Amino acid sequence: MARMTARRALAAVPVLLAVTLGVFGLAAASPFDPVRAYAGTAGLTASQENLDQLRHNLGVDRPLLTRWWDWLTGALTGDLGDSTSLRAPVAQVIGERLGWSLLLCGLAFVLAVSAGTVLGVLAARRRGGLFDRAVTSVAYVLEAAPPYWLGLLAVWLGALKLGVLPAGGLTDTGSQLATAGQIARHLVLPALVLAVSQLPWFVLYVRQGVGDALDEDPVRGARARGLRERTVLLQHALRSGLLPVLTLIGSRVPELITGALLVETVFSWPGIAAATVQAATSVDFPLLAALTVLATAAVLAGNLLSDLLYGLADPRVGFDG
């Protein structure tokens, strides 16, 4: 396990280097001018001399490879540059927002995996039955529904129509202190929406995996020995049927990040995804580069986690093979 983790970590280095270089390459080829975006309305009346001086101060007049190398060497020492849109160090921006994104994504992912496993197992018990057809139909519908549409629907139903939950933000309007109760209430809708957007894949994978496991010879043998159906389902079919789901965990990380970006925007949740939108719309390439590297590292970590979980669940899989 340790050897495979080290091997993956070494393989991730050139990937992260290529991603950072690609971000700076896109920045150089972009038609948007970060200087005018930084200057805002003042840039409309500023002289060319002032704009050139600002361009020099921001360092965007230097060659592409020079800017990339300076950013990379600074990042290795913890200096990710300054955000031109938020007027703060990039490390500070990420540090203030990362925890809120991890809270939202972690809770949503746990809900999606838990609910998807339960619904998938129940559907697999009697494939073709009424419950199975209802669950799979809803799963296919949700699979095609974009997260921002689910978010708007949740705001309309939960906040506007029923008035039981807040529509967005982190705290109540006018509140000067973020209490645990307020954060929990404001977290319900975005976490549920993000979980529902990830739910269909887990339901369908668990249903297929457990359903196929129920038709395997070892499970049939367990039934022939007179074991109870619950024991056969939970101790034999479920373990074998969940193996493909473990690989799904890593592959869902990019979709989880994309979904979080949309959900945080709809609900004004102060996380990393909201900062990504602002960085993109404000041509804030230092912040965008750091966030892109962070998202890439999360995807690589998710793939590694899937392989580790698969190896732990199935002893036949060798970590160092």
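Note that the structure is predicted; figures quoted are calculated from it, not measured. (Residues numbered from 1 in each chain as written. Predicted model: local features only at pLDDT ≥ 70, side-chain atom pairs only at ≥ 80, totals over all residues. Heavy atoms only, no water.)

### Let's talk about helix α7 (residues 147-161)
Turning to step 1, where the next piece is worked out: Given a rise of 1.5 Å per residue, 15 residues ought to cover 21 Å, and the 20 Å separating the end C-alpha atoms of α7 matches this to within 8%.
Turning to step 2, where the next piece is worked out: Check the buried side of α7 and you find it contacts α6 (130-144), α8 (180-214) and α11 (243-267).
Turning to step 3, where the next piece is worked out: Phi turns positive, to about 65°, at glycine 163, one or two residues after α7. (Helix = DSSP H or I, 4+ residues; strand = E, 2+ residues; numbered from the N terminus. Expected span 1.5 Å × (residues − 1). Contact = heavy atoms within 4.5 Å.)

### Here we look at the packing of aromatic side chains
Turning to step 1, where the next piece is worked out: In this structure the tally under the stated criterion is 3 aromatic pairs.
Turning to step 2, where the next piece is worked out: Their ring planes at 80° and their centres at 5.7 Å tell us that phenylalanine 109 and phenylalanine 202 sit as a pair that is edge-to-face. Note that phenylalanine 109 is positioned in helix α5 (residues 90-125) and phenylalanine 202 in helix α8, a separation of 93 residues in sequence. Neither residue differs from the other here; phenylalanine 109 and phenylalanine 202 are each classed as buried. (Phe/Tyr/Trp six-rings, centres within 6.5 Å; stacked < 30°, edge-to-face > 60°. Buried < 20%, exposed > 50% of the residue type's maximum accessible area, 1.4 Å probe, protein only.)

### Comments concerning α6
Turning to step 1, where the next piece is worked out: Here α6 spans 22 Å end to end across 15 residues, near enough to the 21 Å set by a 1.5 Å rise per residue.
Turning to step 2, where the next piece is worked out: If you check which residues of α6 are buried, you get Asp132, Val135, Thr136, Ala139 and Leu142. The arc that holds the buried residues of α6, viewed along the axis, is 125°, so those residues lie on one side. Turned more than 90 degrees away from the buried face of α6 sit Leu130, Tyr140, Val141 and Ala144, all of them exposed.
Turning to step 3, where the next piece is worked out: Tucked into the core, α6 has its buried residues touching α5, α7 and α8. (Arc of directions from axis to C-beta.)

### Notes on the pattern of salt bridges
Turning to step 1, where the next piece is worked out: Applying the stated criterion across every chain yields a total of 1 salt bridge.
Turning to step 2, where the next piece is worked out: Ionic pairing is found between arginine 207 and aspartate 132, a salt bridge with its closest N-O pair at 2.5 Å. One end of the pair, arginine 207, is in helix α8; the other, aspartate 132, is in helix α6, with 75 residues separating them in the sequence. Here arginine 207 and aspartate 132 have matching classes, each one buried. (Salt bridge = Lys/Arg side-chain N within 4 Å of Asp/Glu carboxyl O.)

### As for the side chain of arginine 67
Turning to step 1, where the next piece is worked out: Inspection of the secondary structure assignment puts arginine 67 in helix α4 (residues 64-76).
Turning to step 2, where the next piece is worked out: Arginine 67 sits in the buried class, given a relative accessible area of 14%.

### Structural notes on the nonpolar core
If you look at soluble globular proteins, the nonpolar side chains tend to sit buried side by side.
Turning to step 1, where the next piece is worked out: Counting 40 residues, the largest nonpolar core has Leu194, Phe202, Val210 and Phe267 as its most contacted members.
Turning to step 2, where the next piece is worked out: Broken down by secondary-structure element, the contributors of at least two residues to this core are α5, α7, α8, α10 (229-241) and α11.
Turning to step 3, where the next piece is worked out: Of all the elements, α8 adds the most residues to this core, at 13 residues.
Turning to step 4, where the next piece is worked out: Those residues in contact with phenylalanine 202, other than ones at most four positions away along the chain, are Phe109, Ala112, Val113, Gly116, Val245, Leu248, Ile249 and Arg252.
Turning to step 5, where the next piece is worked out: With 22 residues, the next largest nonpolar core counts Trp68, Leu80, Val283 and Leu288 among its residues. (Core = buried A, V, L, I, M, F, W, Y, C linked by side-chain atoms within 4.5 Å.)

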